[in-house]
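# Coordinates in review
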Amino acid sequence: MSKNILVVAGGTGGHIIPGIVFGKKLRDEGNNVYWACGAREMERTIYNSQGIEPLTLAIEGSPLGVKSLLERITRSLTMLTSYTQTLTYIVKYKIDEIYLFGGYVSYAPLRAALSRKIPVTLHEQNAVAGKVTRKAAKKGVKIITGWPVCEGIKDFTYVGIPAREPVRISREEALKTLGLDLNVNAKIVGITGGSLASETLSNLLMKAADLCKEFEFVFLSHERKDEGNIHFIPQSWDMNPFYSICDILVCRSGGSTLAEALEWGMPTITIPWPQAADNHQEHNAEEFVKLAKNSYAFNENDSPENLAEIIRKI
């Protein structure tokens, strides 16, 4: 018997992409699936790129950790509005179950689900439980996790992180799609910093590339240009061409990105973002290298010479 299911995933692609993948699986099983996200335009753009028109909640950011009193009040009010909106969606679409993918966007739907006594499950993509996950766990909500460990909570079920199925295309076709004029036999290091790139990370990678002239380095960026063995290409929500050319992937340690690296089976050097809440990216990286083959965790404050050595070792 099919169910009406609401999947709430917003904030960043790290929450949204697993939510989309999981929701599509539920839909393929014959359920009626509705997705909901926050009010930021980027969130809708991610959904639209996957052919989905999501329901929208008013929330644009967490009221916690904001210095401005006015902004805290404004965000708190949008949180209250999001709670009311979720209740409306529950009634309008006769929702039977709700799945949350963490982050501040999930808090109002969590409260709404509990108030209506609707079965709710929360998926935590990081090896350290976020604030909403911890609150949900205290309320007895079922928690499923992306990694075998989840610091901050005791009761959870490890299921992994839903990731897009790899669609490998020929290197020749992939290079053409990306606009890269490279030898199909070149050894290519693909680099994605996501939204968590930094000047420190960029300098590290540029210096490592200069030390490894025998390899081609392809950076996902906001422009298209070439500088010797360093190439910049625009980011795209379709990662298949990019992953198809990578002999090695260098990335941050967000749960969703690491899940895709595992799906593709690529040797990966993951560099945790040091400012991540509760240092969760470092914990993600630790768990990732236990599961991945020929992969390493690297500190962005380490030397480019050491990074170049690891690249050559791989």
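The text that follows walks through the structure, step by step, so that each part is easy to find. (Residues numbered from 1 in each chain as written. Predicted model: local features only at pLDDT ≥ 70, side-chain atom pairs only at ≥ 80, totals over all residues. Heavy atoms only, no water.)

For the structure shown, the criterion picks out seven aromatic pairs. Aromatic pair Phe22 and Phe101: ring centres 5.9 Å apart, planes at 55 degrees, arrangement tilted. You can see Phe22 sitting in helix α1 (residues 13-28) and its partner Phe101 sitting in the loop between β4 (97-100) and α4 (107-115), a full 79 residues away along the chain. By relative accessible area, which is 19% here, Phe22 ends up buried. With centroids separated by 4.4 Å and ring planes inclined at 35 degrees, the aromatic side chains of Tyr34 and Tyr93 adopt a geometry described as tilted. Taken as a pair, Tyr34 in strand β2 (residues 32-37) and Tyr93 in the loop between α3 (69-92) and β4 lie far apart in primary sequence, 59 residues in all. Judged by relative accessible area, which is 24%, Tyr34 ranks as partly exposed. Across from the ring centre of Phe232, 5.3 Å away, lies the NZ or CZ of Lys225, which sits over that ring. (Phe/Tyr/Trp six-rings, centres within 6.5 Å; stacked < 30°, edge-to-face > 60°. Helix = DSSP H or I, 4+ residues; strand = E, 2+ residues; numbered from the N terminus. Buried < 20%, exposed > 50% of the residue type's maximum accessible area, 1.4 Å probe, protein only. Lys NZ or Arg CZ within 6 Å of the ring centre and 35° of its normal.)

With that settled, consider the nonpolar core. Within the largest apolar cluster, 29 residues are counted, with the highest numbers of intra-cluster contacts made by Leu6, Val8, Ile98, Leu100, Leu122 and Val141. Those elements giving two or more residues to this core turn out to be β1 (4-8), α3, β4, α4, β5 (120-124) and α5 (131-138). When residues in this core are grouped by element, the largest group, four residues, is from α4. For Val141, the residues in contact, after removing those within four places along its chain, are Leu110, Leu114, Val120, Thr121, Leu122 and Ala136. (Core = buried A, V, L, I, M, F, W, Y, C linked by side-chain atoms within 4.5 Å. Contact = heavy atoms within 4.5 Å.)

This next bit is on a nonpolar patch on the surface. On the surface, Leu69, Ile73 and Leu77 cluster together into a nonpolar patch covering about 300 Å² of accessible area. With respect to the helices and strands, the residue Leu69 is situated in helix α3. (Patch = residues over 30% accessible without salt bridge, like charges linked within 9 Å, V, L, I, M, F, W, Y side chains within 5 Å. Areas by Shrake-Rupley, 256 points an atom, 1.4 Å probe, with all protein chains shown as cover. Salt bridge = Lys/Arg side-chain N within 4 Å of Asp/Glu carboxyl O.)

Counted under the stated rule, the structure contains zero disulfides. Cysteine Cys212 shares no disulfide, and the gap to the nearest cysteine sulfur, in Cys246, comes to 15 Å. Judged by its relative accessible area of 0%, Cys212 is buried. This cysteine, Cys246, is not joined by any disulfide, and Cys251 carries the nearest cysteine sulfur, 9.8 Å off. When its relative accessible area of 9% is taken as the criterion, Cys246 is described as buried. (Disulfide = S-S within 2.5 Å.)

Turning our attention to helix α2 (residues 41-49). Among the residues of α2, Glu43, Arg44, Ile46 and Tyr47 are the ones counted as buried. Down the axis of α2, the smallest arc covering the buried residues is 155 degrees, so these residues share one side. Those residues of α2 hidden inside the fold are in contact with α1, β2 and β3 (55-56). With its phi angle positive at about 75 degrees, Gly51 sits one or two positions after the end of α2. (Arc of directions from axis to C-beta.)

What is shown is where atoms sit, not what they do.
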